Every structure is written in C-alpha cells, then in structure tokens.
Amino acid sequence: MTTRSITDRLGGLAFGGDYNPEQWDEPVWKEDDDLMRRARVNLATVGVFSWALLEPEEGRHDFAWLDAHIDRLHANGVAVDLATPTASPPPWFTLAHPDALPVRPDGTRLVHGSRDTYCLAAPAYRIAARRIAAALAERYGDHPALALWHVHNEYGTLCWCDHAAAAFRVWLRARHGSLDALNEAWGTAFWSQRHTSWEQVLPPRETQWHKNPGQALDFRRFWSDEIIAAFREQRDAIRAHSDRPVTTNLMLPAYQNVDLWALARELDVVTSDQYPNAPGLDAAAGVAVHADRTRSLGGGRPWLLMEQGTNTVYDDGQILGKEPGEILRHTLGHIARGSEGALFFQWRQSRAGAETWHSAMVPHAGPDSRIFREVTRVGEAVARLGELAGSTVAASVAVLDDPDAWWALGVDGLPSSRLDYHAALVRAHRALWDADATVDFAHPEHELSRYRLVIAPALFLLSDKGAENLRDYVADGGTLFVQHAAGFVDDRMHARLGGYPAEPLREALGIRVEEYRPLRQDERITLSDGSHGTVWSESLRTEGAQTLAAYTHGMLTGGPALTRHRSGTGQGWYLSTRLDDADYADLVGRLLKEAGVEPDVPGLPAGVEAVTRHALDGRHWQVLLNHTPVAVPLPDPAHDLLTDALAQELPPGGCAVLRGH
Ligand code: GAL
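The notes below deal with the structure included here. Note that the structure is predicted; figures quoted are calculated from it, not measured.

### Structural notes on the site of the ligand
If you check the shell around the ligand, you find Phe49, Arg115, Asn153, Glu154, Asp273, Tyr275, Glu307, Tyr314, Phe345, Glu355 and His358 and nothing else. Within the side chain of Glu307, a nitrogen or oxygen atom sits 2.7 Å from an oxygen atom of the ligand. With respect to the ligand, the side chain of Glu355 contributes an N or O atom lying 2.6 Å from an oxygen atom. Relative to its unbound accessible surface of 310 Å², the ligand loses 95% to contact with the protein. Along the lines of polarity and charge, the residues of the shell around the ligand split into four nonpolar, two polar and five charged.

Shown next, in the form of structure tokens:
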C-alpha cells in the first residue's frame, strides 16, 4: 500500500534539510548525529547531487557508502528523503555523451562544470536517469528509513539542441495533427514562414528579429510536457520497487519553465523550495505567496517546504542575512499555509564548492553560533506542532494563474514590454496579504464557485474554456476582478477579434476594449477618482457596466478606466490601467468588502499575520506571526502550542499557534 502522507512515518511535522555527508568525514558524521538530535531533525534529504559517487562509471554502482549513511540516520531516528541525483550528471557522462549537453538558443553548447548540464530530451540522458533511479529504488525501496522519494532537483532546464528539435516535432505532430494545422496555428502566412515539411520546423532559436509567437508558446508547452515525461519515467521506475510517496521539489518564484499545475498532479506530495528576494516584511510576504501557490498547486492538499535558507535572502547580487527570529517566522509562515513541516538547504554549510557561502543549519562557525541555536529553537517549535499534520487551509479569494498566460507575455513583439506576469501575480497577492485575506491560486479553467472573490491580474492569454468559466463564475454569484490587457489572445496566440477581452468574458464585464494605448515610460495619469495609473491604458466602452473611474487625459478623457458590471447574481470589475500601489491596495480592499471577505482573525494590527489550519474533524489552529517590533495583545487569548500555555499577547517579532476552541 502506498503511504501517501509522509507525516505518518515521521510521527509529526517534518524538520531537517539536505544532507550531504559525502562532503565530510567520520568525526563530522558523529557530530552530525548528535546535532541532529539536538535540533530535533527527523527528515534528511540525501543524495541530491551524488551521481558521481553512486555511479562512478557508466553502469557500475557503488551503494556501500550510502547504505552506511542511511543506516546511521535511521539508527539516529532520522527518516530519509532519498533523491535521484539526475540534476547533476557526472563528468564521465558528459564525456561519453557530448550530444546530451544543453544548447542555448544562440547555438552555444554548454560544457560540464556546473550542474544541470544535460538536455532532458537527449536519449542518452534519459536512459542514464532511468537507470540510476531504478537502481536506487531497487536497493532502498523498502528501507525502513525511507519516508519520501525526491526525484531530480528543481526541474526546469531547457535546451534548443537537435534532440530538442526532434522531440519538439514529435510533440507538434501530436498537438496539431498536420503541417497545415501547425501553419494555421502559428500564423505562418505572415513573413513567408509557411512550412512545407516537418524538417523545416525548428525550436525558436536565435534569429534575425522577432520570433514567431505561436512557435515560442508551443516550445514552452513542449518543454513542460517533456519535463513531466522525464519525471514520470523516474517516478514509475521507482514505483516498480517502492510504495513510498514520490515528489520532486518545485522552484516557484519567477522560474516558469514547466506547467506547475500539470507537474503537481503527478506528485504524491507537492514540495517546493523558497528563498526570499527581499528582506523584512517583503520576505514574509514572499513566504506567504510561495506557500499559497504551492498549496494551491496540490489542490489544497498538505504539502512540504523542501528547502529554505537559515540566513539567505537573495537581493540584487548579494546574500542578506535573516534577522534573529526570522527563521522561525518564515518556518511558521509556511506551516501556517499548509506545509507539513520545514526543511532547509542544507544541513551543514559546505567548506568548498560552488555554494560555500550559502547558509545552512550548521554554519561554518559550527554549533556554537546564533544560527544553530535558532535552528534548535525552531526544531523544538516544529516538534510541538505534530497535531497540525494533515490539516489544511480554506481560502475565500483566488488569484488566477495560468502558465500559458505567463508564457504569452514572454513572446516578442507585444504592445508593451512592461506587462510583467509574475510581478502582477505577486502584487495581487501582496495587496490581499496586506489586507489579511487568505488566498488560493487557481487556474482560469478551475471550478471557482467556492471563492467569493477572484482576481485575474495578468490574463493576456485566455482560452475559450477559461473565458466561459469566468463568465459562469460571475453569473452564479461570484465577484470577478479583471486587470488590463486581459483576454487579448486565444490559446494559439491569435488576437481576439471584434474587441477585447475574449468573449464571453466581455458579457461578465459589460465592456468592450477597442484600443490599447500603453503609456510612456515616465507617464503617470490621474483618473477621475483621484487614483493614478502607469504602464498601460485602454480605450473601452461600456456595454452595460457602470463607470467607477474615468480617464482624464488626452483622447481617453471621459472614457471608462475602472468599471463594474452586475451580471447574473455576481459582478465583474475591469481595470484598464495599472494603478499605483496605494490605489491598488484601496481597490482590493473595496473588492474584499464588496465580496464579504473577512480576515481569519479580525482586529489584528498591520504587520501581524494570521492563518487558520483546519482539520477534517473540525479542530483548527490559528498560526499568528508578529512581524513588528512591538508586543501585540491577542483579541482572543488561547492555548499556544509553542509555549504550552495560555497566550495573551504576541511578543515583538514572536509567534503563536493557538488551538481553536
Ligand atoms: C535551490 C537548490 C539547492 C541550492 C539552493 C541554494 O534552488 O535546489 O540545490 O542550490 O537553491 O539557494
């Protein structure tokens, strides 16, 4: 029987990290055992980059060293998340199979020397990856220490080589059926691009000027499917020998090389890695958006934070430290939003190699350090939260997220290069987070009726099915908020004719956009309600909608900028420019009010985050995080699992996990 929940095996939430004992020797391993016990580590990710040791030459495996480490961890009460090492092929592999090295769009073939130096579409790579995955599964598939399989690491490396070209053509034949259909889909009537044989069809490699948008979008989709196929091969090779759950760690933020909705469907448990890219409150908001996305990718199921840093905030070319208390707040930020624990990259900071300066649970300074002391306290806190296992989070707001729409905004020749999908997604989430709303992400074609408010921040591409779904959502009582440049193209990158956005979404919004008018770099316009817009504007007319704010500049003067339309039992809002942050926050606040969305814990001051985890049997827990430097009295004191006492207030920068009553 497959054990789908990893927490069953751990007896509580997971705590630990990537463990790379091959970088060390016996005395350090002994110390690791002791320190892991002190830090309450119960799960270690092993073998992520161990291919060169596990298979020192093609087809010859050496598992003895790994046997010893896994047995040692087991004896020490630490379960194992065993990785397949396929994210870093050893030097012998690339020497033997130079055709499997990745090629950039400009034709440069990369060489060995870093990691991820493979083309996933190269047959030699796929054979080697399946072989090592199967060998590991055969050897460790029912090892009592094994809690989870970790296939590969952060899938997403793309390639433009001839293997990729061949696989792309196979994929295109399956998608389009015929060359005629492909020509039609890609609009090859323009610029004399009509293909008359399949060999003429290429990946979007470096070319003279704009690439074909249909080709660019299909190449993204092809790679997503190729990545998922590669994952499945390893997963299935593992499942032939093992009943333990299988995952791969997703890398979310701005790294959209795979359809994460589709990949997540293949995972027994969704896991992901998170490294903030700004300090302070922005880092906390980054944790929240990451956690909400990961949970949503798994359809709300419990998930697991596979990697975070003890001291790592990437910011403009430098690594910033986390402040005292931040490791706990970030950890609980993930757990609050459904993670079944928290793991780090990595256990012990490397003394050599490419990531020598990346933070770890045991820093270069050793255990006598602030970081290790904090890690120990965080481990103790997580150990107290076992009863949360299996519970999840209920959101009444959704932000729409569609990889096709993301990729569509990456093609050449758009009316503005300042339509940034990821920034729009994060901004919508941030405005909701600041307003204490609990948020899911959803695909535009998902069932949306459980949400009171749905925000579509960047749906430049919208499929017919998505447009119908959004129309129905509004007709059935939902509040939909659609932001500028929405529904401009269909799922082939063909422009919507007769006015944007895509029909029948226009029905729900009661508007018709006739003309897009991007604003100049430094242009900031004022709307009739006093709010300000940048980046974009549109000439639209209402077809039933009410104008809430109008343009006051140039030829758009008097024309609608922000509209609301009552349709069926719901309402569709449309905003045709990009509002300044404060105005956007006000508008989101107004929408939350209209839609009747309340914070999980009303009455908390700004900078205090609260999320509720619910168990199926009705139990619930409030996770409260105080991101401010002052103590905050709790509106509703309750038993705090972290202190095992009644909590009346949150200390400055402190946290509480209150058992519901
Ligand atoms: C992750 C990766 C780890 C490590 C870490 C550094 O994306 O999976 O192997 O490189 O980043 O932040």
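What follows picks up the thread again.
### With respect to the sheet that holds strand E17 (residues 525-526)
Spatially, three strands are ordered E17-E18-E23 in an open sheet, and the strand pairing comes out antiparallel. Strands with a single pairing partner mark the edges of an open sheet, and in this sheet they are E17 and strand E23 (578-579). Relative to E23, strand E18 (residues 532-534) runs antiparallel, the two being bridged by two bridges. From the neighbouring strand, Gly533 faces E23, where its bridge partner is Leu579.

### Quick word on the environment of Pro602
Looking at the secondary structure, you find Pro602 in the loop between helix H18 (581-595) and strand E24 (608-614). Pro602 sits in the partly exposed class, given a relative accessible area of 49%. Considered as a pair, Pro602 and Leu217 are 385 residues apart in the sequence and their alpha carbons are 44 Å apart.

### Some details on the layout of surface pockets
As a volume, the largest pocket reaches approximately 720 Å³. Forming the walls of the largest pocket are 23 residues, and the residues nearest its centre are Phe49, Ser88, Ser114, Arg115 and Ala354. Of the residues forming the lining of the largest pocket, the biggest block, three residues, is contributed by helix H3 (residues 51-54). Of the residues contributing to the lining of the largest pocket, the split by class is ten nonpolar, ten polar and three charged. In this structure, the second largest pocket occupies an estimated 580 Å³ of space. Among the elements of the structure, helix H8 (179-186) and helix H9 (213-239) are those that each provide at least two residues to the lining of the second largest pocket. Here the element with the most residues in the lining of the second largest pocket is H8; it accounts for three residues. Of the residues that constitute the lining of the second largest pocket, the class distribution is 15 nonpolar, seven polar and four charged.

### Some points on helix H6 (residues 123-140)
Owing to its 3.6 residues per turn, the α-helix aligns residues three or four sequence positions apart on the same side. For H6, with 18 residues, the first-to-last C-alpha span of 26 Å sits near the 26 Å given by 1.5 Å per residue. Residues of H6 that are buried include every one of Ala124, Tyr125, Arg126, Ala128, Ala129, Ile132, Ala133, Ala135, Leu136, Ala137 and Tyr140, and no others.

### As for the pattern of salt bridges
Summed over all chains, the structure comprises 51 salt bridges. Between Glu31 and Arg348 there is a salt bridge whose closest N-O contact spans 2.6 Å. On the criterion of sequence distance, the pair formed by Glu31 in helix H2 (residues 26-38) and Arg348 in the loop between strand E11 (339-344) and helix H13 (370-383) is long-range, its members being 317 residues apart. Exposure remark for Glu31: the relative accessible area of 31% places this residue in the partly exposed category.

### Concerning the environment of Gly478
By secondary structure assignment, the location of Gly478 is in the loop between helix H16 (464-475) and strand E15 (479-483). By relative accessible area, which is 5% here, Gly478 ends up buried. A sequence separation of 73 residues divides Gly478 from Ala405, and the C-alpha atoms of the two residues are 22 Å apart. What Gly478 contacts, discounting residues up to four positions off in sequence, is Arg452, Tyr473, Gly570 and Gln571.

### Concerning the nonpolar core
Judged by nonpolar contacts, the single largest core of 184 residues is most densely connected at Leu82, Trp223 and Trp347. In contact with Trp347, not counting residues within four places along its chain, are Asp18, Tyr19, Asp32, Leu35, Met36, Ala39, Val41, Ala360, Met361, Val362 and Phe372.

Rules of the game
Residue numbers here run from 1 along each chain, matching the order of that chain's written sequence. Residues qualify for local features only when their pLDDT is at least 70, as the model is predicted, and side-chain atom pairs are given and counted only at 80 or more; totals for whole chains, interfaces and linings, by contrast, use all residues. Excluded from the side-chain calculation are hydrogens and water; included are all heavy atoms of the structure. If a single non-hydrogen atom of a residue is within 4 Å of a molecule or strand, that residue counts as near it. Definition of a polar contact: a pair of N or O atoms within 3.5 Å, with one able to donate and the other able to accept a hydrogen when the atoms are protein atoms, and with sequence-neighbouring residues admitted only if both atoms are side-chain atoms. Here, Shrake-Rupley sampling with a 1.4 Å probe gives the accessible areas, and only protein chains in the shown set may cover a residue. Amino acids are sorted into nonpolar (Ala, Val, Leu, Ile, Met, Phe, Trp, Tyr, Cys and Pro), charged (Asp, Glu, Lys and Arg) and polar (every other residue, Gly among them). Only strands that DSSP links by at least two bridges are regarded as paired with each other. In DSSP terms, a helix is any run of H or I states spanning at least four residues, a strand is any run of E spanning at least two, and both are numbered starting from the N terminus. Here's how the labels work: a residue is buried when its accessible area is under 20% of the maximum for its type, exposed when over 50%, partly exposed in between, all with a 1.4 Å probe on protein chains only. Here the term cavity refers to a set of points on a 1 Å grid, laid over the protein atoms alone, in which a 1.4 Å probe fits but cannot get out; the term pocket refers to an open set having protein on both sides within 12 Å along at least five of seven lines, with lining residues being those that place an atom within 4 Å of a point. Grid points are joined across faces, edges and corners, and a volume is the space filled by probe spheres set on the points. What a helix should span is 1.5 Å times the count of its residues minus one. What makes a salt bridge here is a side-chain nitrogen of Lys or Arg within 4 Å of a carboxyl oxygen of Asp or Glu, nothing more. Throughout, a residue-residue contact means that at least one pair of heavy atoms, one from each residue, lies within 4.5 Å. Nonpolar cores were defined as sets of buried Ala, Val, Leu, Ile, Met, Phe, Trp, Tyr and Cys residues, with membership established by side-chain atoms within 4.5 Å.

In short, shape yes, function no, at least from these values alone.
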